Amino acid sequence: MKAIALKELADEDWKTQHARKYSNIPAGAEVEIIEENYDNFYGGPWTRVEWKDNLYWVDPKQLKKL
């Protein structure tokens, strides 16, 4: 399923993003939804998306499904 980023999105797994040095998802970018509404102890729900061969955990409220 595809979605559009409503604002610039960073990976909530910021340590991995920092270590691998991949960029934030810009507002308006089209992403592929991999997994929706994943809950964890760190304040979910989260949605797993792919953009430019990188995986990101993002807030689902910041995505518009296509």
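First things first, this report covers the structure right here in the doc. (Residues numbered from 1 in each chain as written. Predicted model: local features only at pLDDT ≥ 70, side-chain atom pairs only at ≥ 80, totals over all residues. Heavy atoms only, no water.)

In this section: the environment of Asn 37. Along the chain, Asn 37 turns up in strand 2 (residues 30-38). Leave out the neighbours within four places in its chain, and Asn 37 touches Pro 45, Trp 46, Thr 47 and Pro 60. (Helix = DSSP H or I, 4+ residues; strand = E, 2+ residues; numbered from the N terminus. Contact = heavy atoms within 4.5 Å.)

This part takes up the sheet that holds strand 5 (residues 63-65). Strand order in the open sheet formed by 5 strands is 4-3-2-1-5, and the pairing between neighbours is antiparallel. Of all the strands in the sheet, just strand 4 (54-58) and strand 5 have a single pairing partner and so form its edges. Put simply, the sheet's adjacent strands are angled 40 degrees from each other on average, direction ignored. Bridging between strand 1 (residues 2-5) and strand 5 involves 3 bridges; their strand directions are antiparallel. Bridging across to strand 5, Ala 3 finds its partner in Lys 65. (Pairing = 2+ DSSP bridges. Axes fitted to C-alpha atoms, helices over the stretch in contact; angles between N-to-C directions.)

The next point concerns the pairing of strand 2. The pairing of strand 1 with strand 2 spans 3 bridges and is antiparallel. Bridging across to strand 2, Lys 2 finds its partner in Glu 32. As paired strands, strand 2 and strand 3 (residues 46-51) are joined by 4 bridges and run antiparallel to one another. Paired with Glu 35 across the bridge in strand 3 is Arg 48.

All quantities given are derived from atomic positions and should not be read as evidence of function.
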